[in-house]
Amino acid sequence: SVVLEHLRIFVASSNMIYEIEPYTFNGLPSLEMLDLSHNRIGKLSENSLTIHHHSASALSVDLSHNAISYIEPGVIAGVKVYAFNLQYNQLITLQETVFRPLIDLSRGTSRFLVSG
């Protein structure tokens, strides 16, 4: 896999992306902002946002304006999440098993946006 150890910002908004494979962003240990907004993502699978050896102080993830209806537990591991934007998706249920690890790792400082 490719390692881009200094890449801090990754923007792929408005690209008709419909799926994120597990460990897609694993080679980005310095990632601070991930913008996948305005795509067609329907589901977040286990480890799809996991980054092993993540060294940035926190990660902001923007998945707003997609078609996400389900998030599997373990979608993101080893990453301290600062903000997780899930606004304007198709979520009906927010499972504690998905969000509790993110809250615990950040010691309650994570922000989750889920309106719309």
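Residues numbered from 1 in each chain as written. Predicted model: local features only at pLDDT ≥ 70, side-chain atom pairs only at ≥ 80, totals over all residues. Heavy atoms only, no water.

Draft legend 1. Here's a closer look at the nonpolar core. L44, L49, L63 and F84 are the most contacted members of the largest nonpolar core, which totals 25 residues. Elements supplying a minimum of two residues to this core: β4 (59-62), β6 (81-85) and α1 (96-105). The element best represented in this core is α1, accounting for three residues. When residues no more than four places from it in sequence are discounted, the contact partners of L49 are I20, F25, L34, V61, L63, V75, I76, V79 and F84. (Core = buried A, V, L, I, M, F, W, Y, C linked by side-chain atoms within 4.5 Å. Buried < 20%, exposed > 50% of the residue type's maximum accessible area, 1.4 Å probe, protein only. Helix = DSSP H or I, 4+ residues; strand = E, 2+ residues; numbered from the N terminus. Contact = heavy atoms within 4.5 Å.)

Draft legend 2. Just the sheet that holds β6, in detail. Reading across from one edge, β1-β2-β4-β6-β7 is the order of the five strands in this open sheet, with parallel pairing throughout. Both edges of this open sheet fall to β1 (9-11) and β7 (111-113), since each of them pairs with a single strand only. On average, each strand axis in the sheet is tilted by 5° relative to the strand beside it, whichever way the strands run. Sheet topology note: the β6/β7 ladder contains three bridges and is parallel. Among the inter-strand pairings, F84 is bridged to a residue of β7, identified as F112. (Pairing = 2+ DSSP bridges. Axes fitted to C-alpha atoms, helices over the stretch in contact; angles between N-to-C directions.)

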